[in-house]
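Chain residues, written in single-letter form:
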2 protein chains.
Amino acid sequence: MTTSSSPARRATIVDVARAAQVSRQTVSNVVNSPERVAPSTLERVQTEIRRLGFQPSRAARNLKQERAGAWGLELSPLGFGRLGAILDTFLVELTARAAVDGSHVVPFTATDPEAPTDSYERLVASRVVDGFVLTDTRRGDPRPAWLDAHDIPYAAFGRLWDDPSITAWVDVDGASGIEAAVHHLAAQGYERIGYLGWPEGSPVGDDRRSGWVRATTELGLANPEWQAVSPQALEPASWAAAGLIDALGRGGALVCASDGLALGAWRVLAERGLTPGADLGLVCFDDTDIAQALDLSSLHQPLAQVADRVLHVLGTRSASRDPAGGLLLPPELVVRSSSNPAGDRTTPKEK
Amino acid sequence: MTTSSSPARRATIVDVARAAQVSRQTVSNVVNSPERVAPSTLERVQTEIRRLGFQPSRAARNLKQERAGAWGLELSPLGFGRLGAILDTFLVELTARAAVDGSHVVPFTATDPEAPTDSYERLVASRVVDGFVLTDTRRGDPRPAWLDAHDIPYAAFGRLWDDPSITAWVDVDGASGIEAAVHHLAAQGYERIGYLGWPEGSPVGDDRRSGWVRATTELGLANPEWQAVSPQALEPASWAAAGLIDALGRGGALVCASDGLALGAWRVLAERGLTPGADLGLVCFDDTDIAQALDLSSLHQPLAQVADRVLHVLGTRSASRDPAGGLLLPPELVVRSSSNPAGDRTTPKEK
DNA sequence: TTGTAAGCGTTATCAT
DNA sequence: ATGATAACGCTTACAA
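Residues numbered from 1 in each chain as written. Chains lettered and ligands numbered in written order. Predicted model: local features only at pLDDT ≥ 70, side-chain atom pairs only at ≥ 80, totals over all residues. Heavy atoms only, no water.

So what exactly am I meant to see when it comes to the overall build of chain A here?
Summing up its helical and strand segments, chain A has 13 helices and 12 strands in all. Against the compact-globule benchmark of 20 Å for 351 residues, chain A has a radius of gyration of 26 Å, which places it well outside the compact range. C-alpha extents for chain A along the principal axes are approximately 80 × 55 × 40 Å. Classification of the 351 residues of chain A by burial places 54% in the buried group. The long-range fraction of contacts in chain A, counting pairs at least 24 apart against all pairs at least 6 apart in sequence, stands at 67%. (Helix = DSSP H or I, 4+ residues; strand = E, 2+ residues; numbered from the N terminus. Rg over C-alpha atoms; globule rule 2.2 N^0.38 Å. Buried < 20%, exposed > 50% of the residue type's maximum accessible area, 1.4 Å probe, protein only. Contact = heavy atoms within 4.5 Å.)

Okay, structure coming up:
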């Protein structure tokens, strides 16, 4: 900002037109349909565009085209800043992908918890966004129906559990991911494979658990006693994990519904002087920084792909009930030392 | 989206004008300078505004006012999705505060690491943002100088280390925070207070360490041997912490430059059957979900305040060299069981 | 291939 | 207190 009091004036389409000795329409064509411009003119104009650093004003373009070129994303306290949150990574991916076709992501926070759609209403009414990316979808979520009723485009990261006919979503296949984890652990030689999940009732949690049930049944390893539940907090997770670890014993393995729960299990192992992998197999979900830091095998959500497909759904202005919609992507199992029975990870010992 | 193929047409200022039998200028006045409108007209127009759900189009307003009403925020891989990252929380706070005066935050990612200012250039050139919020400032950061040279408003979360005359920043006072932590530990009765920090050379790390040096000197507890360094990764942090814990012994305490480093120390304690707090005091920095999960005392960064002040700096279109600028906010020490010598936290024991 | 005209929705200025 | 006019910068349709 140095000394001048107002920001530098930026070149407009007229400046370029004047400099290149053409009409402003021609400049517009150079930018938007270069193939309709004679090569010589094209180059002359492009040179001036570069020289002047011209970029079309988004405001003017938006006004004319009656679209914002932006998608709203609610930053819910549920999804951000919590243990094992992955939404920050999703935001990064979404932002990067949106930029490819010149769109933007506009984050916003809910203002009134009583009226969850108010912020959505304001943003479309003022044409700041063309539509929304939903996250943290839940049963009884009022947003999809409201958006549908108001004819507002949207796509969700997470299944829309209420209405199977709405297919404007992309999600990660938790069940098949957990299944893969169980098979991986079995292949590594772990014989008793338990599951630490969230209390029944959450769609995501129930889905993940079903993968464990399916895989252990398939392998003839099913045992309902090797299951425990805990909310997403360290203390209860530790207690639940402790019980499971007792039941499974050395040589057993534990699949956790989240990295946060796995932290509880890891803590118990650490306190008992047990090494993840060597003494007890451990695989978790989400592959957050925690899993990476603790070197835990984890199911990595393909967030870049999710972002890509979410934007695709938004881009194709087909109905939210497109029967081809509803995409389930498999997570990728990242194998680390915690599921390696020959675990060779060393830890500092007392002097 | 149901069946119709285009989104619903939103009411414009003309619709309201027609419905309320006034000119569109009067509607504009009702919205922007209600005091200049006769009470009866005011009410009539406001009723129509509500009835039609009218909101001024941002694109039109932006075009007319030649400002975007938005601030750009680069999502750097450095700041997001890493262990102990707090930028996601900062983004939430920034977004919420910006909304108060109708502004938005537009996140973006760098496209070319070789040309770090390219994305900035594009965003201002197309008038998507009026300026920027900088994070992850570092020595030799090319952005402040570039923004200054191009007369683009900005404010940084984090000191601008290169040029003390640039004061468009807000930061958290790491040194005084650590100092407070040391005093707190001393007051709790811990006698030997060590420090686990990052290798010398990072301005943030050096700043934090200086707080430890200052406080321990002041208290007559200085001992250069009670210091160790490690990069922000679990394995090296554990090794460094192990050495320190040996040197400090029971009844000592450890201040860590970050929650990530503290995780390493916590792990060592766990493996040795020691309880944070009761056996060894532990205080860390950032108060991320990890500190909360492990019940570690931690220095909480006042991100809401930082966001508030950053927007204030951007709002007042004073120069970036305003001598009144450069605000250092104290972090708040959140005391948990890890700095309580009478530590009463129970952990699940083996059956 | 290039240029002309109109309009997107708003607000600042000036007149009534 | 209210309204007419012009302008912000761009694109779409149409005319040359």
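Before we go on, may I ask you to explain the packing of aromatic side chains in this structure?
Each aromatic ring pair is summarised here by two numbers: the centre-to-centre distance and the angle between the ring planes. Residues and elements named next belong to chain A. Evaluation of the coordinates by the stated rule reveals 11 aromatic pairs over all chains. Between F90 and F157 the ring centres are 4.7 Å apart and the planes differ by 45°, which places this aromatic pair in the tilted class. One end of the pair, F90, is in helix α5 (residues 87–100); the other, F157, is in strand β4 (residues 154–157), with 67 residues separating them in the sequence. The exposure class of F90 is buried, given its relative accessible area of 0%. Taking 4.5 Å as the distance between ring centres and 55° as the angle between the ring planes, the aromatic pair formed by Y120 and F132 counts as tilted. Highlighted residues: Y120 in helix α6 (residues 118–125) and F132 in strand β3 (residues 131–134), separated in sequence by 12 residues. (Phe/Tyr/Trp six-rings, centres within 6.5 Å; stacked < 30°, edge-to-face > 60°.)

I tried to follow the side chain of D207 of chain A on my own but got confused; where do I start?
Residue and element names in this part refer to chain A. With respect to the secondary-structure elements, D207 resides in helix α9 (residues 203–218). With a relative accessible area of 16%, D207 lands in the buried category. The residues touching D207, leaving out its near neighbours within four places in the chain, are R159, G174 and A175.

Explanation requested: the nonpolar core in the structure shown.
Generally speaking, nonpolar side chains in soluble globular proteins are found buried as a group. Judged by nonpolar contacts, the single largest core of 135 residues is most densely connected at L94, L196 and L254 of chain A together with L94, L196 and L254 of chain B. Look past the residues within four positions of L254 of chain A in its chain and what remains in contact with it is G194, Y195, L196, L244, I245, L248, A265, L280, G281, L282 and V283 of chain A. (Core = buried A, V, L, I, M, F, W, Y, C linked by side-chain atoms within 4.5 Å.)

Got a minute to help me understand the pattern of salt bridges in this structure?
Residues and elements named next belong to chain A. Under the counting rule described, the total for this entry stands at 36 salt bridges over all chains. Here D171 makes a salt bridge to R159, at a shortest N to O gap of 2.8 Å. Taken together, the residues span a long stretch of sequence, with D171 in strand β5 (residues 169–172) and R159 in the loop between β4 and β5 at a distance of 12 residues. Both residues of the pair, D171 and R159, belong to the buried class. Between D308 and R309 there is a salt bridge, and its shortest N-O distance comes to 3.9 Å. Using a relative accessible area of 34% as the deciding quantity, one classes D308 as partly exposed. (Salt bridge = Lys/Arg side-chain N within 4 Å of Asp/Glu carboxyl O.)

Just to check I follow, could you spell out unusual backbone geometry for this structure?
Most peptide bonds take the trans form, and the phi angle of most residues other than glycine is negative. For D295 of chain A, which is not a glycine, the phi torsion comes out positive at approximately 60°. Mapped onto the fold, D295 of chain A is located in the loop between α12 (289–294) and β10 (297–300). At D286 of chain B, a position not held by glycine, the phi torsion is positive, near 110°. Relative to the assigned elements, D286 of chain B resides in the loop between β9 (281–285) and α12 (289–294).

Whenever I open this one, helix α10 (residues 234–248) of chain A confuses me. Can you help?
Owing to its 3.6 residues per turn, the α-helix aligns residues three or four sequence positions apart on the same side. Taking 1.5 Å per residue as the helical rise, α10 of chain A with its 15 residues ought to reach 21 Å, and the 20 Å between its terminal C-alpha atoms agrees with that figure. Those residues of α10 of chain A hidden inside the fold are in contact with β6 (193–197), β7 (227–229), β8 (253–256) and α11 (259–271) of chain A together with α12 of chain B. Positive phi shows up at G249 of chain A, right after α10 of chain A, with a value of about 70°. (Expected span 1.5 Å × (residues − 1).)

Can you help me understand the environment of W239 of chain A in this one?
Residues and elements named next belong to chain A. Relative to the assigned elements, W239 resides in helix α10. The class for W239 is partly exposed, based on a relative accessible area of 47%. Once the C-alpha coordinates of W239 and D322 are considered, the two residues, 83 residues apart in sequence, prove to be 45 Å apart.

Would you mind showing me how to read the protein's contact with DNA strand D here?
Close to DNA strand D lie 26 residues; I13 and Q25 of chain A together with T26, A38 and T41 of chain B are nearest. When the atoms of DNA strand D within 4 Å of the protein are sorted by group, sugar and phosphate make up 64%. K64 of chain A places a polar side-chain atom, nitrogen or oxygen, 3.5 Å from a base oxygen of DNA strand D. Counting residues per element, the ones that place at least two in the surface near DNA strand D are α2 (24–32) and α4 (58–65) of chain A together with α2 (24–32) and α4 (58–65) of chain B. (Near = heavy atom within 4 Å. Polar contact = N/O pair within 3.5 Å; in protein donor to acceptor, adjacent residues only side chain to side chain.)

Would you mind showing me how to read α2 of chain A here?
Residues and elements named next belong to chain A. For α2, the set of buried residues is V27, N29 and V30. The arc that holds every buried residue of α2, seen down its axis, measures 160°, which confines them to one face. Elements that come into contact with the buried residues of α2 comprise α1 (13–20) and α3 (39–52). (Arc of directions from axis to C-beta.)

I'm lost on the protein's contact with DNA strand C in this one. Help?
Residues in close proximity to DNA strand C total 26 residues, the closest being T26 and T41 of chain A together with I13, Q25 and R61 of chain B. Taking the atoms of DNA strand C that fall within 4 Å of the protein, sugar and phosphate contribute 60% of them. One of the side-chain nitrogen or oxygen atoms of T41 of chain A is found 2.4 Å away from a phosphate oxygen of DNA strand C. Going through the elements one at a time, α2 and α4 of chain A together with α2 and α4 of chain B are the ones with two or more residues in the surface near DNA strand C. For the surface near DNA strand C, the residue count by class is 8 nonpolar, 11 polar and 7 charged. (Nonpolar A, V, L, I, M, F, W, Y, C, P; charged D, E, K, R; others polar.)

Explanation requested: the environment of H312 of chain B in the structure shown.
Among the secondary structure elements, H312 of chain B is positioned in helix α13 (residues 303–315). Through-space distance from the C-alpha of H312 of chain B to that of A98 of chain B is 9.9 Å; in sequence the pair is 214 residues apart.

Would you mind showing me how to read the pairing of strand β2 (residues 104–108) of chain A here?
Residues and elements named next belong to chain A. For β2, the buried fraction is high: 5 of the 5 residues fall into the buried class. Here β2 shows two buried faces, one formed by H104, V106 and F108 and the other by V105 and P107. Pairing of strand β1 (residues 70–74) with β2, which is carried by 5 bridges, proceeds in the parallel orientation. Within the sheet, the bridge partner assigned to A70 lies in β2 and is H104. (Pairing = 2+ DSSP bridges.)

Explain the domain arrangement of chain A here, please?
Many analyses report the size of an interface as the accessible area lost when the parts associate. Along its sequence, chain A is carved into domain 1 (13–56), domain 2 (70–172 + 303–329) and domain 3 (174–301 + 332–339). If you average the C-alpha positions of domain 1 of chain A and of domain 2 of chain A, the two centres end up 37 Å apart. (Domains from an automatic or database assignment.)

Just checking my understanding: could you explain the sheet that holds β1 of chain A for this structure?
All names here are of chain A. The sheet built from 6 strands is open, its strands ordered β2-β1-β3-β4-β5-β11 with parallel pairing. Each edge of the sheet is formed by a strand with only one pairing partner; in this case those strands are β2 and β11 (327–329). Strand after strand, the sheet turns through a mean of 20° between neighbouring axes, direction not considered. With 3 bridges connecting them, β1 and β3 associate as parallel partners. Its bridge partner being in β3, G72 is matched across the sheet by F132. The strands touched by helix α13 (residues 303–315) are β1, β3, β4, β5 and β11; relative to β4, the strand with the most contacts, the crossing angle is about 160°. (Axes fitted to C-alpha atoms, helices over the stretch in contact; angles between N-to-C directions.)

Hey, could you run me through the packing of α5 of chain A against α13 of chain A in this one?
Residue and element names in this part refer to chain A. At a closest axis distance of 8 Å, the pairing of α5 and α13 adopts a crossing angle of 50°. In this view, α5 runs oblique relative to α13, as classed from their interaxial angle. You can see that α5 and α13 cross each other, and the crossing is right-handed. Listed contacts from α13 to T89, F90, E93, L94, R97 and A98 of α5 are L303, A304, V306, A307, D308, V310 and L311. Considered class by class, the residues forming the contact of α5 with α13 number 9 nonpolar, 1 polar and 3 charged. (Parallel < 35°, antiparallel > 145°, perpendicular 65-115°, else oblique. Left-handed = near helix turned anticlockwise from the far one by under 90°.)

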